[in-house]
Amino acid sequence: AFGQCSDLFISEYVEGDFFNKAIELYNPTPFAKDLSQYRLIRWDNGSTDSDQPGSDGILNLTGTINSFEAFVIVINTTTQGQEVPPDSELAAKADVFYCTTCIPGDGVIRTFYFNGDDAMSLQKLNGNTWINIDIFACIGERGITTYEI
């Protein structure tokens, strides 16, 4: 039996060393999707309120994702003049590069500054309300790091 999926979902989460980070979205429908109706949210350190207006954890998406295709967003922080570029293999897979200071008027956006204790969600605009349609990790839970000696 096939699972029925009627909207975009997070199909891959990449958290490499330094700033080698990416999110892949997949469109399992027979229709192209306008990404302006979607956004990514980083729920920082077990937070439950990253979706508040003005949060630096919100990335409003742009563009189009075609039917039955993946769309890869890769962070590139070299515009800040102090970070290393993404790995060339990861960069080659990017459909779009996202940077923290490239969005005029929005200031520094840190959506892709995720690590092991941050959840990510994909939200869709439904009327005037944003709803989670996919979540990676657990919103409101902070991971615990253990160390072996």
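Just so it is clear, the model here is predicted, and its values are computed rather than measured.

Visitor: Quick question: what am I supposed to make of the overall build of the chain here?
Guide: Counting secondary structure elements, the chain contains one helix and ten strands. In the chain, the succession of α and β elements from N to C terminus is β-β-β-β-β-β-β-α-β-β-β. Sorting the 149 residues of the chain into buried and exposed places 36% on the buried side. Taking contacts inside the chain between residues at least 6 apart in sequence as the whole, the part at least 24 apart equals 59%. Element-wise, carbon and sulfur atoms account for 49% of the exposed surface of the chain, whose accessible area totals about 8800 Å².

Visitor: Just to check I follow, could you spell out the side chain of Thr29 for this structure?
Guide: Structurally, the position occupied by Thr29 is in the loop between β2 (21-26) and β3 (33-34). Under the relative-accessibility criterion, Thr29 is labelled buried at 5%. One polar contact links Thr29 to Asn27, side chain to side chain, over a distance of 2.7 Å. When near neighbours in sequence (up to four residues on either side) are disregarded, Thr29 contacts Cys5, Ser6, Asp7, Ser67 and Phe68.

Visitor: Where do I start with the pattern of salt bridges in this structure?
Guide: Pairing is possible between side chains of opposite charge, provided their charged atoms come close. Scanning the model with the defined rule gives three salt bridges in all. The partner of Asp7 in a salt bridge is Lys33, and the shortest N-O contact between them spans 3.8 Å. Highlighted residues: Asp7 in the segment before β1 (9-15) and Lys33 in strand β3, separated in sequence by 26 residues. Classification of Asp7 as buried rests on a relative accessible area of 12%. The salt bridge partner of Arg42 is Asp118, with a shortest N-O separation of 3.9 Å.

Visitor: Explanation requested: unusual backbone geometry in the structure shown.
Guide: Most of the time, phi is negative for any residue but glycine, and the peptide bond is trans. Even without being a glycine, Phe68 presents a positive backbone phi close to 55°. As for its placement among the helices and strands, Phe68 is situated in the loop between β6 (64-65) and β7 (70-75). Residue class for Phe68 comes out partly exposed when judged on its relative accessible area of 48%. With phi around 80°, Ala137 is a residue other than glycine that occupies positive phi space. Within the element layout of this structure, Ala137 appears in the segment after β10 (129-136).

Visitor: Looking at this structure, I do not really get the sheet that holds strand β4 (residues 38-43). What am I missing?
Guide: Two pairing modes exist for strands in a sheet, parallel and antiparallel, and in both the strands are linked by backbone hydrogen bonds. Read across the open sheet, the four strands follow the order β5-β4-β9-β10; overall the sheet is antiparallel. On the outer flanks of this sheet lie β5 (58-60) and β10, each paired with one strand and no other. Neighbour-to-neighbour, the strand axes of this sheet turn through a mean angle of 25°, independent of strand direction. The pairing of β4 with strand β9 (residues 119-126) spans six bridges and is antiparallel. Bridge pairing links Trp43 to Ala119 in β9.

Visitor: Help me understand the sheet that holds β1, please; the structure alone is not making it clear to me.
Guide: Pairing within the open sheet is mixed, and its four strands lie in the order β1-β2-β7-β8. Strands with a single pairing partner mark the edges of an open sheet, and in this sheet they are β1 and β8 (96-98). Each adjacent strand pair in this sheet contributes to an overall mean axis angle of 20°, direction not counted.

Visitor: Explain the side chain of Asn20 to me, please; I cannot follow it from the model alone.
Guide: Tracing the sequence through the fold places Asn20 in the loop between β1 and β2. Classification of Asn20 by relative accessible area gives buried; the value is 12%. A polar contact of 2.6 Å, which involves the side chain of Asn20, links it to the backbone nitrogen of Asp87. Apart from the residues lying within four places of it in its own chain, the contact partners of Asn20 are Val14, Glu15, Pro85, Pro86, Asp87 and Leu90.

Scoring rules and cut-offs
- Residues numbered from 1 in each chain as written.
- Predicted model: local features only at pLDDT ≥ 70, side-chain atom pairs only at ≥ 80, totals over all residues.
- Heavy atoms only, no water.
- Helix = DSSP H or I, 4+ residues; strand = E, 2+ residues; numbered from the N terminus.
- Buried < 20%, exposed > 50% of the residue type's maximum accessible area, 1.4 Å probe, protein only.
- Contact = heavy atoms within 4.5 Å.
- Areas by Shrake-Rupley, 256 points an atom, 1.4 Å probe, with all protein chains shown as cover.
- Polar contact = N/O pair within 3.5 Å; in protein donor to acceptor, adjacent residues only side chain to side chain.
- Salt bridge = Lys/Arg side-chain N within 4 Å of Asp/Glu carboxyl O.
- Pairing = 2+ DSSP bridges.
- Axes fitted to C-alpha atoms, helices over the stretch in contact; angles between N-to-C directions.

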